[in-house]
Amino acid sequence: MKDLLSSRVAYGKSLVELGKTNPKVVVLDADLSKATQTVQFSEEFPERFFDMGIAEQNMMSCAAGMATFGLIPFVSTFAVFASMRAVEQIRNFIAYPKLNVKIVATHAGVEVGQDGATHQAIEDIAILRAIPNMVVIAPADWVSTKKAVQAIAEYQGPVYMRVGRSDHEPVYQSDFKFEIGKSVQLRSGKDLTIIAIGNMVSKALSVAEELSKLGFSIRVIDMHTVKPLDETAVIDAAKETKGIITVEDHTIIGGLGSAVSETLSSYNLAPVIRIGIQDRFGQSGIGDELLDYYGLSVSNIVDQSLEILK
Amino acid sequence: MEIIQVNELSKKAYQIRKLTLELLCEAKSGHTGGSLSEADILSVLYFSKMNIDPAKPDWEDRDRFILSKGHACPALYATLALKGYFPLESLSTLRKLGSKLQGHPDMKRTLGIDISTGSLGQGLSAGLGMALASRLLKKQNRIYVLLGCGELQEGQVWEAAMAAAHYKAANLTAIIDYNRLQIDGSNSEVMELSPLADKWRSFGWKVIEIDGHNIEQIVNAFEEAKQTVDCPSVIIAKTVKGKGVSFIENQVGWHGRVPTKEELAKALIELDERMKTL
């Protein structure tokens, strides 16, 4: 029996677990603790939780100061604010001195839904990926999120992690091993490779299933770490299959699709089709409805895949 | 406070100024005015107030200093060298390729720098983070943040001011190098700051107003801040930009230019003469 759970709820639970074993973990939030689920940590460890109010810039530089004392700050807010309102703070005070701050942002992509374009970060991965010293992670489900929280706590240095808002069936069983920078091949195949991140991984698996009914053999890779990218997996996929489809709930400019294309640009191996938000803003609507509208539906990904497979 | 000690700290401030001008002249770029205005404050912090040990720059119980106005680092580098964090000779590498002494402070390259700064308006937030961390870890560190006056125009300073008062961060002391000049002109011409003390008071801070070149007042202000246990303190130190060299003092144009060799020679003579009068 697979449990429906959102990655953000799993994040909140994992923080509590982490807090029990690691007294250096502190959590900062900007008046969104119920939405980001850091509220769970605040109830368990009130003295290690800091609500910084609706002031994200102060929150980021403050976390940097805490990290210089050996604490491990987890800083949470919506992705749109973490990655844009406070990005210069992240660049100069966290990434440049490589301080041990973990930025875990929730509510990313058009999946956010009815709050509309102002609250749907579709550029966060592109922005954070451009900053030296940053690790950028987008786990596929709640099982993966739990593992990722543990992994980034053990990693020494700044991390940006984007976790999903909505409830999903998990892609993973709990015995899976999460390793920063090491992608996971969820399905083997020789005709085409689909590389996905976050909530698009389960969709990629559905696409592979559909295409297998048509007789195609599809490789599916969960590229949970967009930076550093698992280049070996990308190059192998380009060599061993006829083409690559990238899928992300993010603009096609600068995100997963770009990272994969950049990796392959020095080789003449295989075509890449980038599926994501096509350089435009989102809007209000139900999350799943918006994903379909912006081309992140199983049927559209199947159609795009057939372009290569033909 | 004894006169001898006051004179010693004044003398150190003049040494900081002399070294600062020398290394700026050598680097051929950098920020002169704001480096000279903060020299007395740095002298008191590093040679009297702060609990630090240059032999143990990573000692966890040390007090912390954040130069939020990071561009004024030449005076801080001079201070750190005088204190013994690194040899005086290395000052001549300022701003050169491969140097430990970057154009703005870099904690990863320079011993004695507690956090990298340079982008204005963020030092107080980082200081608050340190203050909260120290308290959580049940330590006694005091955190000092030196801000420029122009950077008070950054909104983030006031986010930090609000949060520090909210968290009653009494171990945090802000010092404002209130020389009243910034790049495009005076504060009043560019963006009015007054009533400055009232702003901080209304945010819930203990405000101490002093002459930022009077050693005794600086020392007493830090003492008063230390005695304040229920809120953070801000020392508004009225200073003169370019302090110590008559042709640099109060000149907007000296924010971001450095002395020529001739100007340096003239300035050093003047600083030596002023030192003799102590």
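Residues numbered from 1 in each chain as written. Chains lettered and ligands numbered in written order. Predicted model: local features only at pLDDT ≥ 70, side-chain atom pairs only at ≥ 80, totals over all residues. Heavy atoms only, no water.

Residues and elements named next belong to chain B. Two elements in contact, helix α1 (residues 3–27) and helix α4 (residues 73–83), have axes whose closest approach is 8 Å; the angle formed by their N-to-C orientations is 120 degrees. By the angle between their directions, the pair α1 and α4 is classed as oblique. Two packed elements cross with a definite hand, and for α1 against α4 that hand is right-handed. Residues K12, Q15, I16, L19, T20, L23 and L24 of α1 form the contact with α4, whose own contacting residues are P74, A75, A78, T79 and L82. Counted by class, the contact of α1 with α4 contains eight nonpolar, three polar and one charged residues. (Axes fitted to C-alpha atoms, helices over the stretch in contact; angles between N-to-C directions. Helix = DSSP H or I, 4+ residues; strand = E, 2+ residues; numbered from the N terminus. Parallel < 35°, antiparallel > 145°, perpendicular 65-115°, else oblique. Left-handed = near helix turned anticlockwise from the far one by under 90°. Contact = heavy atoms within 4.5 Å. Nonpolar A, V, L, I, M, F, W, Y, C, P; charged D, E, K, R; others polar.)

Attention now moves to the confidence of the model for chain B. On average, residues of chain B score 97 in pLDDT, and 100% of them are at 70 or above. Across the whole predicted complex the pTM is 0.97, and at the interface the ipTM reaches 0.97. (pLDDT = per-residue confidence, 0-100.)

Let us now look at the environment of L152 of chain B. Residue and element names in this part refer to chain B. Looking at the element boundaries, L152 is found in the loop between β2 (143–148) and α6 (155–166). Judged by its relative accessible area of 3%, L152 is buried. Taking the C-alpha atoms as reference points, L152 and P259, 107 residues apart in sequence, are found 27 Å from one another. Other than its neighbours up to four places away in sequence, L152 contacts L147, V157, W158, I176, L193, L196 and W200. (Buried < 20%, exposed > 50% of the residue type's maximum accessible area, 1.4 Å probe, protein only.)

Before going further, it helps to examine the nonpolar core. Counting residues in each nonpolar core, the largest one holds 91 residues, and the members touching the most others are L28 of chain A together with L124, L172, W200 and W205 of chain B. The residues touching L172 of chain B, leaving out its near neighbours within four places in the chain, are L124, G127, L128, A131, I143, V145, A164, W205, P232 and S233 of chain B. Core analysis: the second largest hydrophobic core is formed by 58 residues, V9, V16, A153 and M161 of chain A among them. (Core = buried A, V, L, I, M, F, W, Y, C linked by side-chain atoms within 4.5 Å.)

The next point concerns the sheet that holds strand β6 (residues 206–211) of chain B. All names here are of chain B. Strand order in the open sheet made by the five strands is β1-β2-β3-β7-β6, with parallel pairing throughout. Whereas interior strands pair on both sides, the edge strands pair on one side only; in this sheet they are β1 (64–67) and β6. Each adjacent strand pair in this sheet contributes to an overall mean axis angle of 20 degrees, direction not counted. Relative to strand β3 (residues 172–178), β2 runs parallel, the two sharing six bridges. (Pairing = 2+ DSSP bridges.)

Within a sheet, each strand pairs with its neighbour through backbone hydrogen bonds, oriented either parallel or antiparallel. Residue and element names in this part refer to chain A. Pairing in this open sheet of seven strands is mixed, and the strands run β3-β2-β4-β5-β7-β6-β12 from one edge to the other. The open sheet has two edge strands, β3 (49–51) and β12 (225–227), and neither has a second partner. When strand polarity is set aside, the average angle formed by the axes of neighbouring strands in this sheet is 20 degrees. For strand β2 (residues 25–29) and strand β4 (residues 72–78), the ladder comprises five bridges, and the chain directions are parallel. Bridge pairing links L28 to V75 in β4.

For the rest of this paragraph, the subject is the interface of chain B and chain A. In many analyses, interface size is given as the accessible surface area lost on bringing the parts together. Every contact between the two is made by 29 residues of chain B and, on the other side, 26 residues of chain A. Both sides of the chain B and chain A interface together cover about 2200 Å² of buried area, and 66% of this is carbon and sulfur. Sorting the residues of chain B by area buried against chain A places Q122, L136 and E159 of chain B first, and these three jointly supply 24% of that buried surface. At the boundary of chain B with chain A, the tally comes to zero salt bridges. Between chain B and chain A we count eleven residue pairs in polar contact (both at pLDDT 80 or more) in total. For the side of chain B that touches chain A, the elements supplying multiple residues, two or more each, are α5 (123–136) and α6 of chain B. (Buried area = accessible area lost by both parts, 1.4 Å probe. Salt bridge = Lys/Arg side-chain N within 4 Å of Asp/Glu carboxyl O. Polar contact = N/O pair within 3.5 Å; in protein donor to acceptor, adjacent residues only side chain to side chain.)

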